[in-house]
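Chain and residue survey
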Amino acid sequence: MSRTVVNPDTVFNTVQYGFSQAVIVTGQRRMLLSGQVGVDINERTVGPGLQEQTEAALDNIQRVLAAAGGTMAQVIMLRIYICETVREDQEVIAQALRDRFPVDPPPSSWVIVSGLSLPEWLVEIEAEAMLD
């Protein structure tokens, strides 16, 4: 896979929030991942906080990618759904993205929603990847 991140200095610096403005990719296989939430393999919510749920959602994305032979480095887009109740805590998500994607992070969209499928869920993350 060829991957070129685009972060022009003519728009605001999104890398500080853990994502890039755009990415140009070429590859053999495009993988679309379902939205992942903060649950474990037994469908138990990992905890009540945004940080632990965000980490678990990203862990689940990593596991799904690995099952297809992929890695987090091949993620080309994220869509992050954040519950209204934690909209003021978005730095937690930004830090998790900076930790997972320290160099050339993928672009992302962040959407505030009134709620997710279960009331205890605070964040859901969809991903797209381009596999070799």
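Look up: the structure comes first, before these words.
Structural notes, computed from the coordinates. Remember, predicted model here, so these are calculated numbers, not experimental data.

Within the largest apolar cluster, 29 residues are counted, with the highest numbers of intra-cluster contacts made by Ile61, Leu65, Leu78, Ile80 and Ile125. Broken down by secondary-structure element, the contributors of at least two residues to this core are β3 (29-36), α1 (50-67), β4 (75-83), α2 (90-100) and β6 (123-131).

Attention now goes to the environment of arginine 100. With respect to the secondary-structure elements, arginine 100 resides in helix α2. The spacing of arginine 100 and methionine 77 is 23 residues in sequence and 14 Å in space, taken between C-alpha atoms. Apart from the residues within four sequence positions on either side, arginine 100 is in contact with Glu55, Leu58, Asp59 and Gln62. Looking at arginine 100, its side chain comes within polar contact range of the side chain of glutamine 62, at 3.4 Å.

Below, the discussion takes up the sheet that holds strand β5 (residues 108-113). Taken in spatial order, the 4 strands of this open sheet run β3-β6-β4-β5, and their pairing is mixed. Among the strands making up the open sheet, the edge pair consists of β3 and β5. Neighbouring strand axes in the sheet, compared pairwise and without regard to direction, differ in orientation by 10 degrees on average. Direction of pairing for β3 relative to β6: antiparallel, over a ladder of 6 bridges.

What follows is about the environment of isoleucine 80. Along the polypeptide, isoleucine 80 turns up in strand β4. For the pair isoleucine 80 and serine 117, spaced 37 residues apart in sequence, the C-alpha separation works out to 14 Å. Those residues in contact with isoleucine 80 that lie beyond four places of it in its chain are Ile93, Leu97, Ser109, Trp110, Val111, Val123, Glu124 and Ile125.

The rules we used
- Residues numbered from 1 in each chain as written.
- Predicted model: local features only at pLDDT ≥ 70, side-chain atom pairs only at ≥ 80, totals over all residues.
- Heavy atoms only, no water.
- Core = buried A, V, L, I, M, F, W, Y, C linked by side-chain atoms within 4.5 Å.
- Buried < 20%, exposed > 50% of the residue type's maximum accessible area, 1.4 Å probe, protein only.
- Helix = DSSP H or I, 4+ residues; strand = E, 2+ residues; numbered from the N terminus.
- Contact = heavy atoms within 4.5 Å.
- Polar contact = N/O pair within 3.5 Å; in protein donor to acceptor, adjacent residues only side chain to side chain.
- Pairing = 2+ DSSP bridges.
- Axes fitted to C-alpha atoms, helices over the stretch in contact; angles between N-to-C directions.

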